Amino acid sequence: SSPDDDDDDDRSTKTRPRADRLPVCEALNNLGLLLVKRGNFDAARPVLERAVEIGDAAGLLEPSGTVVTNHQNTTAAWPPGEAHPVELASCVWVNNLALCLKSLGLYADAKSLYERSLAMRRAAVARDSGSLHDAAENTTNHPLIATALNNLATVAYLAGDYGDAEASYAQVAAILRTTLGESHPHYAATLNNLSNALRAAGRYGESRAALERALATWERVVGRDHPHVGLALNNLGVLAHHQGLSRAGPTVSSSASSDETLALFAKARDILERS
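Here's what I pulled together on the structure shown here.

The rules we used
- Residues numbered from 1 in each chain as written.
- Predicted model: local features only at pLDDT ≥ 70, side-chain atom pairs only at ≥ 80, totals over all residues.
- Heavy atoms only, no water.
- Helix = DSSP H or I, 4+ residues; strand = E, 2+ residues; numbered from the N terminus.
- Buried < 20%, exposed > 50% of the residue type's maximum accessible area, 1.4 Å probe, protein only.
- Contact = heavy atoms within 4.5 Å.
- Core = buried A, V, L, I, M, F, W, Y, C linked by side-chain atoms within 4.5 Å.
- Salt bridge = Lys/Arg side-chain N within 4 Å of Asp/Glu carboxyl O.
- Axes fitted to C-alpha atoms, helices over the stretch in contact; angles between N-to-C directions.
- Parallel < 35°, antiparallel > 145°, perpendicular 65-115°, else oblique.
- Left-handed = near helix turned anticlockwise from the far one by under 90°.
- Expected span 1.5 Å × (residues − 1).

### Notes on the side chain of Ser-117
Residue placement: Ser-117 occurs in helix H5 (residues 107-128). Taking relative accessible area as the criterion, Ser-117 reaches 1% and is therefore assigned buried. In this structure, Ser-117 is in contact with Cys-91, Val-94 and Asn-95, ignoring residues within four places of it in sequence.

### Some points on the nonpolar core
Within the largest apolar cluster, 54 residues are counted, with the highest numbers of intra-cluster contacts made by Leu-61, Trp-93 and Leu-233. Broken down by element, the residue count for this core peaks at 8 residues, all from helix H4 (residues 85-103). If near-sequence neighbours (up to four positions away) are discounted, Leu-61 is found in contact with Val-52, Gly-55, Asp-56, Ser-90, Trp-93, Val-94, Arg-116 and Met-120. With 8 residues, the next largest nonpolar core counts Ala-156, Tyr-169, Leu-198 and Ala-210 among its residues.

### Examining the environment of Val-155
Of note, Val-155 is situated in helix H7 (residues 143-158). A C-alpha to C-alpha distance of 9.6 Å links Val-155 and Ser-103, two positions 52 residues apart in sequence. Among all residues touching Val-155, those that are not within four sequence positions of it are Lys-102, Tyr-107, Ala-110, Lys-111 and Tyr-114.

### A word on the pattern of salt bridges
Under the definition given, this model contains 11 salt bridges. A salt bridge links Glu-206 to Arg-203; the shortest N-O distance between them is 2.8 Å. On the basis of relative accessible area, Glu-206 is assigned to the partly exposed category, the value being 42%. A salt bridge links Glu-212 to Arg-208; the nearest nitrogen and oxygen atoms lie 3.4 Å apart. One end of the pair, Glu-212, and the other, Arg-208, are both in helix H10 (residues 204-221), 4 residues apart, so they sit about a helical turn from each other. Accessibility expressed as a relative area gives 39% for Glu-212, which makes it partly exposed.

### Let's talk about the environment of Trp-218
Among the structural elements, Trp-218 can be located in helix H10. Of the residues examined, Trp-218 reaches a relative accessible area of 2% and is grouped as buried. Considered as a pair, Trp-218 and His-186 are 32 residues apart in the sequence and their alpha carbons are 9.7 Å apart. If sequence neighbours within four positions are ignored, Trp-218 has contacts with Pro-185, Ala-188, Ala-189, Asn-192, Gly-223, His-228, Val-229 and Ala-232.

### Some remarks on the packing of helix H9 (residues 185-200) against H10
The interhelical angle for the contact between H9 and H10, taken along N-to-C directions, is 160°, at an axis separation of 8 Å. Classified by the interaxial angle, the pair formed by H9 and H10 is roughly antiparallel. H10 is crossed by H9, and the crossing has left-handed handedness. From H9, Pro-185, Tyr-187, Ala-188, Ala-189, Leu-191, Asn-192, Leu-194, Ser-195, Leu-198 and Arg-199 reach across to H10, where they touch Tyr-204, Glu-206, Ser-207, Ala-210, Leu-211, Arg-213, Ala-214, Thr-217, Trp-218 and Val-221.

### Some remarks on H7
The end-to-end C-alpha distance of H7, which contains 16 residues, comes to 23 Å, matching closely the 22 Å that a straight helix rising 1.5 Å per residue would cover. Of the positions making up H7, those classed as buried are Ile-145, Ala-146, Ala-148, Leu-149, Asn-151, Leu-152, Ala-153, Val-155 and Ala-156. Remark: Gly-160 follows H7 within two positions and exhibits a positive phi of approximately 85°.

No statement about biological role is implied by the geometric values presented.
Here you go:
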């Protein structure tokens, strides 16, 4: 081929996603995730950052219907109406880097990446629905979006941004209520998380309401002796303690637990010791 043809090929690979870079990104992601699971976050960080860096340079982290499948720039258009597997994989790379940064206590950086992952998932799910327009509206009730919002809620809670955590957990609960139903354990777990955020924000009445719904669901679905029930009762005890302090004022010692608090802690202990 002529030099001009080679120049055209180079421009093409720079403007279209390069699927030939997918394996190295996947390998880096797998290595980084293994290091994260082993708790070696400092070693995992540069590996996961490299996966995202290569994916960015290859255009793999942006929604596209066409990918470059080899060095001759043979292209393959992905069918409309289906989430592109490269898009879904690249969401995971970004998400895992965010997980690593969150584990290192770098909450602001983790939040930024989780927000990026959410936007990527919205685009991928919008493709799955057959529309790339107004992705936010078209992906309201998808489980992938619930997972991304849950990650955002968790990092917000850890950072002390309880208002943001509450808002995201509430969105997750709404999605799971629609997609899984109110009798699903995942819905109950989200209500428990929502309750924790509300309690941390001092909104004790709303926190109790959410937690009591979680407890009722767990008792009905997994049984009264399940560890999840013990966890919910323990959280109710913590909440009752905070409510008691709030009603009594700041002069009361934290050891002045109400009868309700003691009873809840005792029930939680009994269940958790048997499990």
